[in-house]
Amino acid sequence: MPPTARAIISQMFGRTILRIACIFSALLALAAGPTIGAAGEIAAADHIVVHKAERKLYLYSGDRLLGQYKVELGLSPVGQKEREHDFRTPEGHYYLARRNTRSDFFLAIQVTYPNKDDELRARKNRWPPGGLIMIHGLPNTLKHSPDYYVRNDWTDGCIALSNSDMVEVWMRTQDNIPIDIYP
C-alpha cells in the first residue's frame, strides 16, 4: 500500500476511535445523571426550545426541564432566516427530521426548515428558502482553534453544540419531536 493510502487509512481509523470514545464517555456521564423510570434509564425529551438571544437550547419532558445547553448560531444570527446563504438561524415551529452520524460535523439532527410560512415568505420575494438546518456538534475537521467555536457564531444557519452536549441531545431526543426557535 502506498504511504499516502496508509496515512489516510490511519487518519480515518483514528477519527473513528476518537468518535467512539467521545460517545462512550458521554453515555457514561449520562448514566450517572438524572433519570426517570427504571434505574439507568435516560430521561427522554418530548420537545426542544431554542432562544437565539440567550444562545441556549432547552430540552423538556412536558413542563420538566431536562437540560440546557450553550449554542452557537449562524454567522448572522439576528433576524429570521429568509433565504439560502443568508447565514441566519431560522425562527419558528419545526420538528426534528432525521439523524446523520456521517455528516461533516460531530453528529447532526436535521430540523424541518423550511416550514410552510418560510416557503411562502421566500416565494413572495422570489428567493430560494434554503434548507439543511441541523443541530450538530463541532466540525470533524477544525478550520479554526477550538476556542473559536466556543466564542463565536460560526455556522451557516445551524444550531451548534459542544460535542459532549450534542451526544446528550442526541440520546435524549427522537425524530418528529417539536423544536421551537425564538429570537
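Remember, it's a predicted structure, so these values are computed and weren't measured experimentally.

A.B. asks: Now, about the overall build of the protein chain: what can you tell me, with residues and values included?
C.D. replies: Scanning the protein chain from N- to C-terminus turns up four helices and eight strands. Secondary structure elements in the protein chain, listed N-terminal to C-terminal, are α-β-β-β-β-β-α-β-α-β-α-β. In the protein chain, which comprises 183 residues, the share counted as buried stands at 36%. Accessible area of the protein chain: about 10400 Å², with a carbon and sulfur share of 57%.

A.B. asks: A description of the environment of Leu57 should follow, citing residues and the corresponding values.
C.D. replies: With respect to the secondary-structure elements, Leu57 resides in strand E2 (residues 56-61). Not counting residues within four places of it along the chain, the set of residues in contact with Leu57 comprises Ile48, Val49, Val50, Gly67, Gln68, Tyr69, Val71, Ile135, Ile159 and Val169.

A.B. asks: Requested: an account of the sheet that holds strand E3 (residues 64-70), with residues and values cited.
C.D. replies: Judged by pairing direction, the sheet is mixed, and its eight strands sit side by side in the order E3-E2-E1-E8-E4-E5-E6-E7 without closing on themselves. Two strands close off the open sheet at either side, each with one partner strand: E3 and strand E7 (159-160). Pairing geometry for strand E5 (residues 108-111) and strand E6 (residues 134-136), over three bridges, is antiparallel. Residue pairing across strands places Ala108 opposite His136, the latter belonging to E6.

A.B. asks: Which residues make up the packing of aromatic side chains, and what values go with them?
C.D. replies: Here the structure, examined in full by the defined rule, presents five aromatic pairs. Measuring from centroid to centroid gives 6.1 Å for Phe105 and Trp154, while their planes differ by 35°, and the two rings are tilted. Of this pair, Phe105 sits in the loop between strand E4 (92-100) and E5 while Trp154 is found in the loop between helix H3 (146-151) and E7, placing the two residues 49 residues apart along the sequence. Here Trp154 falls in the buried class, since its relative accessible area comes to 10%. Through a chain of ring-to-ring contacts, the aromatic side chains of Phe105, Tyr148, Tyr149 and Trp154 assemble into a single cluster. Over the ring of Trp127 we find Arg83, and its NZ or CZ is 4.5 Å from the ring centre.

A.B. asks: Explain the nonpolar core to me, and be specific about the residues and the numbers.
C.D. replies: Formed by 28 residues in total, the largest nonpolar core has its most connected members in Ile48, Leu57, Leu59, Ile135, Ile159, Met166 and Ile179. A per-element tally of this core places helix H4 (residues 163-172) first, with four residues. Residues within four places of Ile159 in sequence aside, it is in contact with Val50, Leu57, Val71, Glu72, Leu73, Thr89, Met134, Ile135, His136, Ile179 and Ile181.

What counts and how
- Residues numbered from 1 in each chain as written.
- Predicted model: local features only at pLDDT ≥ 70, side-chain atom pairs only at ≥ 80, totals over all residues.
- Heavy atoms only, no water.
- Helix = DSSP H or I, 4+ residues; strand = E, 2+ residues; numbered from the N terminus.
- Buried < 20%, exposed > 50% of the residue type's maximum accessible area, 1.4 Å probe, protein only.
- Areas by Shrake-Rupley, 256 points an atom, 1.4 Å probe, with all protein chains shown as cover.
- Contact = heavy atoms within 4.5 Å.
- Pairing = 2+ DSSP bridges.
- Phe/Tyr/Trp six-rings, centres within 6.5 Å; stacked < 30°, edge-to-face > 60°.
- Lys NZ or Arg CZ within 6 Å of the ring centre and 35° of its normal.
- Core = buried A, V, L, I, M, F, W, Y, C linked by side-chain atoms within 4.5 Å.

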